[in-house]
Amino acid sequence: MAKSPYSLKVGRVYIHKKCKQGTQVNGEHFEGLCNPFILCLGTVCASCGGPRALKTFYWEDTKEPLDAYRRRLRTKVPPIYTWWWLWISPLIGLIAGSVIGPLFLKKSTLPVVAGSAAVGTLIMFLIVGPKILMLIAPKKYYKLR
């Protein structure tokens, strides 16, 4: 995987397949778009607007679709990263949610335990898990081509 001269300040350009127009992305949006462990289902075309799926965009310089780019990056990191993102952090959320929810609500009925377990799982998978991964194994995905 080649390193590139990309920076958060300058960013990178992606093209919308439908209108063939480019969009310059930089800063936090660029970093999040490139990080394969942060949930990102789509982005916006600066020309025709509206959110669109990642598969409808490709990088201007490499012609690689954004969804394929993110999948490829996930395969290029140590497997523990993917295991953490897909299995370990959600499991921690499931366990923590099923314990903390009933304690906080002072009820341990099945709906309370199940609901808090689901909330804990989602929070760990979508928010906390990727942030912990970036603390443990910081990687500047936006610098990879």
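What you are looking at is a predicted structure, and each value in this text was computed from that prediction instead of being measured.

J.: Explanation requested: the nonpolar core in the structure shown.
T.: The tendency in soluble globular proteins is for nonpolar side chains to be buried side by side. In this structure, Leu-33, Trp-59 and Tyr-141 are the most contacted members of the largest nonpolar core, which totals 25 residues. Beyond its immediate sequence surroundings of up to four residues, Leu-33 is in contact with Tyr-14, Val-25, Cys-40, Thr-43, Leu-54, Trp-59, Leu-66 and Arg-70.

J.: I tried to follow unusual backbone geometry on my own but got confused; where do I start?
T.: Backbone phi values are negative for most residues with the exception of glycine, while trans is the configuration of most peptide bonds. With a phi angle near 65°, Lys-20 is a residue other than glycine that sits in the positive phi range. Tracing the backbone shows Lys-20 in the loop between β1 (12-16) and β2 (22-25). Its relative accessible area of 55% is what places Lys-20 among the exposed residues. Residues other than glycine seldom take positive phi values, yet Lys-63 does so here, at roughly 65°. Take Lys-63: it is sitting in the loop between β5 (57-59) and α2 (66-75). We classify Lys-63 as exposed; its relative accessible area is 55%.

J.: Looking at this model, I keep getting lost on the packing of aromatic side chains. Mind explaining?
T.: Two measures describe an aromatic ring pair: the distance that separates the ring centres and the angle between the ring planes. All told, the structure shown has 10 aromatic pairs when counted by the stated rule. Their ring planes at 75° and their centres at 5.0 Å tell us that Tyr-14 and Phe-57 sit as a pair that is edge-to-face. Linking Tyr-14 in strand β1 with Phe-57 in strand β5, this pair joins segments that are 43 residues apart in sequence. With a relative accessible area of 0%, Phe-57 lands in the buried category. Ring plane angle 70° and centroid distance 6.4 Å describe the contact between Tyr-14 and Trp-59, whose orientation is recorded as edge-to-face. With a gap of 45 residues between them, Tyr-14 in strand β1 and Trp-59 in strand β5 connect regions that are remote in the sequence. Looking at Tyr-14, the relative accessible area reads 3%, which means it is buried. Note on Trp-59: relative accessible area 0%, which makes it buried. Connected via pairs of aromatic rings, a cluster forms that spans Tyr-6, Tyr-14, Phe-30, Phe-57, Trp-59, Tyr-69 and Tyr-142. Just above the ring of Trp-59 sits the side chain of Arg-12; from NZ or CZ to the centre is 4.1 Å. The lysine or arginine in question, Arg-12, covers the ring of Tyr-69, its NZ or CZ lying 5.6 Å from the ring centre.

Quick notes on the rules
Residues numbered from 1 in each chain as written. Predicted model: local features only at pLDDT ≥ 70, side-chain atom pairs only at ≥ 80, totals over all residues. Heavy atoms only, no water. Core = buried A, V, L, I, M, F, W, Y, C linked by side-chain atoms within 4.5 Å. Buried < 20%, exposed > 50% of the residue type's maximum accessible area, 1.4 Å probe, protein only. Contact = heavy atoms within 4.5 Å. Helix = DSSP H or I, 4+ residues; strand = E, 2+ residues; numbered from the N terminus. Phe/Tyr/Trp six-rings, centres within 6.5 Å; stacked < 30°, edge-to-face > 60°. Lys NZ or Arg CZ within 6 Å of the ring centre and 35° of its normal.

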